[in-house]
Amino acid sequence: MLTEAERAGLWERAMREASVGRESLALTKAQLRAAIDASDAWIEQSAVAFQQALPARARAGLTARQKARVLLLVARRRFEREG
């Protein structure tokens, strides 16, 4: 899990990026922070399921960082399509 300071930094970054992009989040600052905390907790709780979903060769051959990169690439692409 991320540290308290890391989650706070992400929260600040999310607010800054929304402000710069003039994007309405329809959340209070506290609600956005809760969403970041919940997302971090979900990743922690779902790590085993993600690991098991990968093909055996990827589980054995990729580092944790490489697996995370694969997940990020797929998630980013899926949500880019929605925009």
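This text follows the structure it describes.
Given the structure is predicted, the values throughout are model-derived calculations rather than measurements.

What counts, and where the lines are drawn
- Residues numbered from 1 in each chain as written.
- Predicted model: local features only at pLDDT ≥ 70, side-chain atom pairs only at ≥ 80, totals over all residues.
- Heavy atoms only, no water.
- Helix = DSSP H or I, 4+ residues; strand = E, 2+ residues; numbered from the N terminus.
- Expected span 1.5 Å × (residues − 1).
- Buried < 20%, exposed > 50% of the residue type's maximum accessible area, 1.4 Å probe, protein only.
- Arc of directions from axis to C-beta.
- Contact = heavy atoms within 4.5 Å.
- 1 Å grid on protein atoms, 1.4 Å probe; cavity = no way out; pocket = protein on both sides within 12 Å on 5 of 7 lines; lining within 4 Å.
- Points joined across faces, edges and corners; volume = space filled by probe spheres on them.
- Nonpolar A, V, L, I, M, F, W, Y, C, P; charged D, E, K, R; others polar.
- Axes fitted to C-alpha atoms, helices over the stretch in contact; angles between N-to-C directions.
- Parallel < 35°, antiparallel > 145°, perpendicular 65-115°, else oblique.
- Left-handed = near helix turned anticlockwise from the far one by under 90°.

Quick look at helix 1 (residues 4-20) now. Here helix 1 spans 24 Å end to end across 17 residues, near enough to the 24 Å set by a 1.5 Å rise per residue. Regarding helix 1, the residues found buried are Arg7, Ala8 and Ala18. Seen from one end, helix 1 has its buried residues packed into an arc of 105 degrees, which puts them on one side. Exposed side of helix 1, more than 90 degrees from the buried face: Ala5, Arg16 and Val20 are the residues found there. Looking at the buried side of helix 1, the elements it contacts are helix 2 (29-53). Arg22 sits one or two residues past helix 1 and shows a positive phi near 50 degrees.

Bringing the layout of surface pockets into the picture now. In this structure, the largest pocket encloses a volume near 1,500 Å³. Taken together, 28 residues line the largest pocket, and the ones lying closest to its centre are Leu10, Ser39, Ile43, Leu72 and Ala75. Secondary-structure elements contributing two or more residues to the lining of the largest pocket are helix 1, helix 2 and helix 4 (64-82). Split into classes, the residues belonging to the lining of the largest pocket amount to 18 nonpolar, 3 polar and 7 charged.

Counting through the fold element by element, Asp40 comes out in helix 2. In this structure Asp40 comes out as buried when scored by relative accessible area, which is 9%. If near-sequence neighbours (up to four positions away) are discounted, Asp40 is found in contact with Met1, Leu2 and Arg7.

This paragraph deals with the packing of helix 1 against helix 2. It is at 10 Å that the axes of helix 1 and helix 2 come closest, and there the two elements cross at 130 degrees. Overall, the two elements helix 1 and helix 2 adopt an arrangement that is oblique. Both helix 1 and helix 2 take part in a crossing whose hand is right-handed. Facing helix 1, whose interface residues are Glu4, Arg7, Ala8, Leu10, Trp11, Ala14 and Met15, helix 2 presents Lys29, Leu32, Arg33, Ile36, Asp37 and Asp40. Looking at the contact of helix 1 with helix 2 residue by residue, the classes come out as 7 nonpolar, no polar and 6 charged.

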